[in-house]
Structure formats: structure tokens, C-alpha cells
Amino acid sequence: QVQLVESGGGLVQTGGSLRLSCAASGRIFSINAMGWYRQEPGKQRELVARITGGGSTNYADSVKGRFTITRDNAKNMAYLQMNSLKPEDTAVYYCVVGAQATMFRATTNYWGQGTQVTVSS
């Protein structure tokens, strides 16, 4: 099994910055895409940013130019640098990783427990 632990959430004022981290551990043969989703109360979870194994990225329109997703393959880590934060960025942020536990297993999506990001106006 693959475990994900997120960190870096918190309370920040409008215009501030936060950096989220996601650490993957456990039985990992390979990690493919890594991403961040967010969910506000009563709303569906939405994709924020995604990075492939080759480093290609895509972002939700609402965060383009403000958020940057990166990864450290040697450490099995993903990061989300969030700048110019707005109150509408307030949500629980979840890390998701597409990983193979062994070379014989299919790629499976694993989710973290979520970290709260609150942006005050």
C-alpha cells in the first residue's frame, strides 16, 4: 500500500503564500502522475494542478499564474506553491498520486487525508 501525508496548510491573508507538500511512502514500484485537488464544503472536489511523470503540468484556470506544482522523484514528493492567494482558494486540499505498488500491479490512485487552507479577506 501507498500512504500519502500532506502538510503546509494553514491560515493566510489575501495575497499571501503557502507551500503544500505531499510525501508518498510505503510499497512503491513507480509513481506516475501526481496532483492536487481541493474541495469546499458542499461542493465537488476539483482538480487544481497535475504533473506527469515526465514533468508536464496542467492547472485549473482559476489558479494559472498563481500556483505551481513540482515534484521530487528521488524523494517521492509533490509540492504546490500557492501565491497571491484569494479567499476563494479556501478549501481542503488533497494530494493524489498514481502509483504502482509492484511491477505486476496496475496504476492505482492514492489520496491523502487533506490539509485545510484558509485565506482571510
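Refer to the structure presented above.
Okay, so let's go over this structure.

### A look at the sheet that holds strand β8 (residues 77-82)
Turning to step 1, where the next piece is worked out: Pairing is antiparallel in the open sheet, where four strands are placed in the order β1-β3-β8-β7. If you trace the sheet from one side to the other, it starts and ends with β1 (2-7) and β7 (67-72), each paired once. Averaged over all adjacent pairs, the angle separating strand axes in this sheet is 15°, with direction ignored.
Turning to step 2, where the next piece is worked out: Pairing geometry for β1 and strand β3 (residues 18-26), over six bridges, is antiparallel. Residue pairing in the sheet places Leu4 in a bridge with Ala24 of β3.

### Brief notes about the packing of aromatic side chains
Turning to step 1, where the next piece is worked out: Here the structure, examined in full by the defined rule, presents one aromatic pair.
Turning to step 2, where the next piece is worked out: Its end group placed over the ring of Tyr79, Arg19 keeps NZ or CZ at 4.1 Å from the ring centre.
Turning to step 3, where the next piece is worked out: The cationic tip of Arg45 hangs over the ring face of Tyr94; the distance from NZ or CZ to the ring centre is 3.7 Å.

### Regarding a nonpolar patch on the surface
Turning to step 1, where the next piece is worked out: A surface patch of nonpolar side chains, about 410 Å² in accessible area, is lined by Phe29, Met103 and Phe104.
Turning to step 2, where the next piece is worked out: Here Phe29 lies in the loop between β3 and β4 (30-39).
Turning to step 3, where the next piece is worked out: Classification of Phe29 by relative accessible area gives partly exposed; the value is 46%.

Basis of the calculations
Residues numbered from 1 in each chain as written. Predicted model: local features only at pLDDT ≥ 70, side-chain atom pairs only at ≥ 80, totals over all residues. Heavy atoms only, no water. Pairing = 2+ DSSP bridges. Helix = DSSP H or I, 4+ residues; strand = E, 2+ residues; numbered from the N terminus. Axes fitted to C-alpha atoms, helices over the stretch in contact; angles between N-to-C directions. Phe/Tyr/Trp six-rings, centres within 6.5 Å; stacked < 30°, edge-to-face > 60°. Lys NZ or Arg CZ within 6 Å of the ring centre and 35° of its normal. Patch = residues over 30% accessible without salt bridge, like charges linked within 9 Å, V, L, I, M, F, W, Y side chains within 5 Å. Areas by Shrake-Rupley, 256 points an atom, 1.4 Å probe, with all protein chains shown as cover. Salt bridge = Lys/Arg side-chain N within 4 Å of Asp/Glu carboxyl O. Buried < 20%, exposed > 50% of the residue type's maximum accessible area, 1.4 Å probe, protein only.

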